[in-house]
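Reading the structure
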Amino acid sequence: MRLRAGEPRDAADVRALLEGLIGHRLADDLVGELNTQLLRFLGGEGTTMVVLEDEGRVRGLVSVWVRRGLYDDGPVALVDRLVLEPAYQTPENARRLLEQALGVARTVGALDLEVLDSEGSYLPEEALATLGLTEARMWRSSML
């Protein structure tokens, strides 16, 4: 197993992870849209994806956004997804991906790392606690 930066060639494996989360295959038009979004994300300013690769396939990923808010003294890194195939869902694998997210945050001089508890994310408490992450409040409104 190894961790590395996500690449466009990972599109099929990223799709498989997403299909595993939603429980069915994506329609062809959605596959095209996902590929476009992946390319946009990988080429975007302030966005990073780290993947966990094993046996030549992506088995998990963490996506990191870096933003600067109105009242922030410096950049803030935000993990919006941490996804692992069921067979790879271990606190150790989650911790390894989160450590990489912390590394990205440090590289850009981020003052904070925020981790969203997004639907489908695998965030075992022991992995979060090991890295010194603490729970914070958040409100959400679904626009759909």
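This one's a predicted model, so the numbers in the text were calculated from it and none came from an experiment. (Residues numbered from 1 in each chain as written. Predicted model: local features only at pLDDT ≥ 70, side-chain atom pairs only at ≥ 80, totals over all residues. Heavy atoms only, no water.)

A few points about the nonpolar core
What counts is decided by this rule: As used here, the term nonpolar core means buried Ala, Val, Leu, Ile, Met, Phe, Trp, Tyr and Cys residues forming a set that is joined through side-chain atoms within 4.5 Å. Note on classification: 1.4 Å probe, protein chains only; a residue is buried when its accessible area is under 20% of the maximum for its type, exposed when over 50%, partly exposed between these limits. The helix and strand labels rest on DSSP assignments: H or I over at least four residues marks a helix, E over at least two residues marks a strand, and numbering proceeds from the N terminus. Contacts: residue pairs with any heavy atoms within 4.5 Å of one another.
Core analysis: the biggest nonpolar cluster contains 22 residues, and Val62, Leu82, Leu84 and Leu97 have the highest contact counts within it. Counting residues per element, the ones that place at least two in this core are β2 (47-54), β3 (57-67), β4 (76-84), α3 (91-107) and α4 (125-130). No other element matches the 7 residues that α3 contributes to this core. Setting aside chain neighbours within four positions, we find Leu82 in contact with Leu61, Val62, Ala94, Leu97, Leu98, Gly120, Ser121, Tyr122 and Leu123. Counting residues in each nonpolar core, the second largest holds 10 residues, with Val14, Leu17, Leu38 and Val83 among its members.

A short note on the packing of aromatic side chains
We apply this condition: When the centres of two rings from Phe, Tyr and Trp lie within 6.5 Å, Trp using its six-membered ring, the rings pair. Their planes under 30 degrees apart give stacked, over 60 give edge-to-face, and anything left gives tilted.
Scanning the entire structure with this criterion turns up 1 aromatic pair. Centre to centre, the rings of Phe41 and Trp65 are 5.1 Å apart; their planes meet at 75°, and the pair counts as edge-to-face. One end of the pair, Phe41, is in helix α2 (residues 28-43); the other, Trp65, is in strand β3, with 24 residues separating them in the sequence. Owing to a relative accessible area of 15%, Phe41 belongs among the buried residues under this scheme. On the basis of relative accessible area, Trp65 is assigned to the partly exposed category, the value being 37%.

Thoughts on the packing of helix α1 (residues 11-22) against α2
The test is simple: Note on definitions: angles span 0 to 180 degrees between N-to-C directions of axes, and those axes are lines fitted to C-alpha atoms, for helices only across the stretch in contact. By definition, any crossing whose near helix is turned counterclockwise from its far helix by less than a right angle is left-handed, and any crossing with a clockwise turn is right-handed. Classification used: nonpolar for Ala, Val, Leu, Ile, Met, Phe, Trp, Tyr, Cys and Pro, charged for Asp, Glu, Lys and Arg, polar for all others including Gly.
Where α1 meets α2, the closest approach of the two axes is 10 Å, and the angle between their N-to-C directions is 115°. Where α1 crosses over α2, the two elements pack in a sense that is right-handed. Where α1 abuts α2, its residues Ala11, Arg15 and Leu18 lie against Val31, Leu34, Asn35 and Leu38. Along the lines of polarity and charge, the residues of the contact of α1 with α2 split into 5 nonpolar, 1 polar and 1 charged.

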